[in-house]
Amino acid sequence: MVSLPQPSLLHSAVTVPCLCCRKGKDQFDNLEKHTQWGIDVLEKYIKFVKERTEIELSYAKQLRNLSKKYQPKKNSKEEEEYRYTSTRAFLATLNEMNDYAGQHEVISENMTSLITAELTRYVQELKQERKSHFHDGRKAQQHIETCWKQLEASKRRFERDCKEADRAQQYFEKMDADINVTKADVEKARQQAQLRHQMAEDSKAEYSSTLQKFNSEQHEHYYTHIPNIFQKIQEMEERRIVRIGESMKTFAEVDRQVIPIIGKCLDEITKAAESVDHKNDSQMVIEAFKSGFEPPGDVDFEDFTQPMKRTVSESSLSNSRGDGKSEPKFGSKSKGKLWPFIKKNKLSLKLGAGPEDFSNLPPEQRRKKLQQKVDELNRDIQKEMDSRDALTKMKDVYIKNPQMGDAASVDHRLAELGQNIEKLRLEVQKFEGWLAEVEGRLPARSEQPRRQSGVYEAQNASGVNSCAQDRESPDGSYTEEQSQETEMKVPATDFDDEFDDEEPLPTIGTCKALYTFEGQNEGTISVAEGEMLYVIEEDKGDGWTRIRRNEDEEGYVPTSYVEVYLDKNAKGAMTYI
């Protein structure tokens, strides 16, 4: 009887636990989720910085619009207001706010270039690197899983061959013990058992080899490949964390860099505020609006206990009259000379035009206007002379280099400039003459601020001179007295009558005469103390108010002589007190 190996020896294979990788796969899933979360955080921070830059740009734009909104408009009245220190300080504040807005634009630009753009590029690189690492991880995972499957297949084949060998051995032993079986059948069963035994041995050797190979691959997988991949993922994640930290630091540094410039802007605003000089501004207002009138004299005492005609002294409010002189009739019009502080005639009143020599203004105001006109004309002359000099140089260049241009082409323009300069010089001489005349009539600057009456140039239509004596009220207004010897009446012309028929102005209120005023010049009207009249035009800044007694009598009186009660809804009813 042939002896065969015991079946128990065929089952000596080692059982291998499943190390592959359910656990490893779970770790990859967790890392994949975490790294994706890190990229999401980075993108969220990029979005935050981007919105911050938009806010900075919007804020800068609003600041610039605000500064522009309150800037003085060119060639407007607002430009004149900026000669005061307070308004100049405000203008400096507006300019500094414009620079302040520029720094916020710098913040936006730097954050965009140093943070948003850099992080956006880094995120793209990070995504590619992450994708590569996890691709390597999945590849390693698939390789170890393939090795595990090969091991499992080898193990099952070895197990199957062992079972087949065991059954063949049992069949051989049964055939060998049976005396009824032929020797040939027994031999056949023995050969089959040996064949199965050999197959089992081969499967065992293959399984052992596959197992050794798998253990080697598994050791390499868990101790080399996976740690390297995890190390790269860790380094990638740490770089992401460091990068977002550096970006946050840059975020603060961008703001810190503009703080000195913003501080300088604020310092300039403070400096402008400290430059405000209330004394200087007040003096400028005084210089701008002083009239040059001489202050009034004292009011004499009027004794009403004596049954005599009321008189006042030479320095009182009304004009003194010699014995036998008749009192003027209130409301009478004297067209002997023009009143210098209003429009010269009714045409100028209607058209709103002033005389060229500014004779409608008080002396001091007239002097300033004339000086401004002279300065303006001198500037125009300088501009024309600069243009002429430039053309002269151009002509010289053309003469030296004919290929550059025709020298004769500028002769016409040079002639025009010469004519313009001559005309402007004549204008300057004319205004300087008026200015010298005004300055000759004003008191010296070193004197006490007592101004002469504004009536320094009164001419009648026939050229007869009239002399006027200043009669002043307690608050600086005045009346005029014309001597009876030189006073001449000039009949009204048809031109004046044409405008006498114009539609009367509506009343805007009432007024009460505080003092007696005898209007002797064109455009004035006489009033008695305590008289109630209509107001048809307010004081325009020249110290005179236009009033009406009835439909036929209206004119100007010094504003300081009346107490005005403005009522824009007044339609004509007036109560006399």
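What counts as what
- Residues numbered from 1 in each chain as written.
- Predicted model: local features only at pLDDT ≥ 70, side-chain atom pairs only at ≥ 80, totals over all residues.
- Heavy atoms only, no water.
- Core = buried A, V, L, I, M, F, W, Y, C linked by side-chain atoms within 4.5 Å.
- Buried < 20%, exposed > 50% of the residue type's maximum accessible area, 1.4 Å probe, protein only.
- Helix = DSSP H or I, 4+ residues; strand = E, 2+ residues; numbered from the N terminus.
- Contact = heavy atoms within 4.5 Å.
- Patch = residues over 30% accessible without salt bridge, like charges linked within 9 Å, V, L, I, M, F, W, Y side chains within 5 Å.
- Areas by Shrake-Rupley, 256 points an atom, 1.4 Å probe, with all protein chains shown as cover.
- Salt bridge = Lys/Arg side-chain N within 4 Å of Asp/Glu carboxyl O.
- pLDDT = per-residue confidence, 0-100.
- Pairing = 2+ DSSP bridges.
- Axes fitted to C-alpha atoms, helices over the stretch in contact; angles between N-to-C directions.
- Phe/Tyr/Trp six-rings, centres within 6.5 Å; stacked < 30°, edge-to-face > 60°.
- Lys NZ or Arg CZ within 6 Å of the ring centre and 35° of its normal.

Time to look at the nonpolar core. Ranked by internal contacts, the top residues of the largest apolar core, which has 28 residues, are Leu42, Tyr45, Met111 and Ile115. Of all the secondary-structure elements, those providing two or more residues to this core are α2 (22–69), α4 (85–177) and α5 (183–274). Of all the elements, α4 adds the most residues to this core, at eleven residues. When residues no more than four places from it in sequence are discounted, the contact partners of Ile115 are Tyr45, Val49, Asn110, Ser247, Thr250 and Phe251. Core analysis: the second largest hydrophobic core is formed by 13 residues, Cys511, Ile525, Leu533 and Val557 among them.

So, about a nonpolar patch on the surface. Taken together, the side chains of Leu66, Tyr70 and Phe90 make up a nonpolar region of the molecular surface, amounting to roughly 280 Å² of accessible area. Relative to the elements of secondary structure, Tyr70 occurs in the loop between α2 and α3 (77–81). On the basis of relative accessible area, Tyr70 is assigned to the partly exposed category, the value being 41%.

In this model, the protein carries an average pLDDT of 76, and 73% of its residues clear a pLDDT of 70 or more. In the predicted structure, residues 308–352 sits below a pLDDT of 50 and forms 138 contacts with residues beyond four places in sequence or in another chain. Throughout residues 443–501 the model reports pLDDT below 50, and contacts reaching past four residues in sequence, or to other chains, amount to 160 contacts.

It is worth spelling out the sheet that holds strand β5 (residues 544–548) at this point. Read across the sheet, five strands follow the order β6-β5-β4-β3-β7 without closing on themselves; strand pairing throughout is antiparallel. Strands with a single pairing partner mark the edges of an open sheet, and in this sheet they are β6 (554–558) and β7 (562–566). Between one strand axis and the next, the sheet turns by 40 degrees as a mean value, whatever way the strands run. Taken together, the three bridges between strand β4 (residues 532–537) and β5 define a ladder with antiparallel strand orientation. Bridge assignment links Val535 to a residue of β5, and that residue is Ile547.

Evaluation of the coordinates by the stated rule reveals eleven aromatic pairs. Relative to Phe48, the ring of Tyr45 has its centre 5.8 Å away and its plane inclined at 40 degrees; by these criteria the two rings are tilted. Placement of the pair is Tyr45 and Phe48 together in helix α2, with a separation of three residues, close to one helical turn. We classify Tyr45 as buried; its relative accessible area is 10%. Centroid distance Phe158 to Tyr207: 5.8 Å. Interplanar angle 15 degrees. Geometry classified as stacked. With Phe158 in helix α4 and Tyr207 in helix α5, this pair connects stretches of sequence that are 49 residues apart. Residues Phe158 and Tyr207 agree in their burial class; the two are buried. It is Arg243 that lies over the ring of Tyr122; its NZ or CZ is 4.7 Å from the centre.

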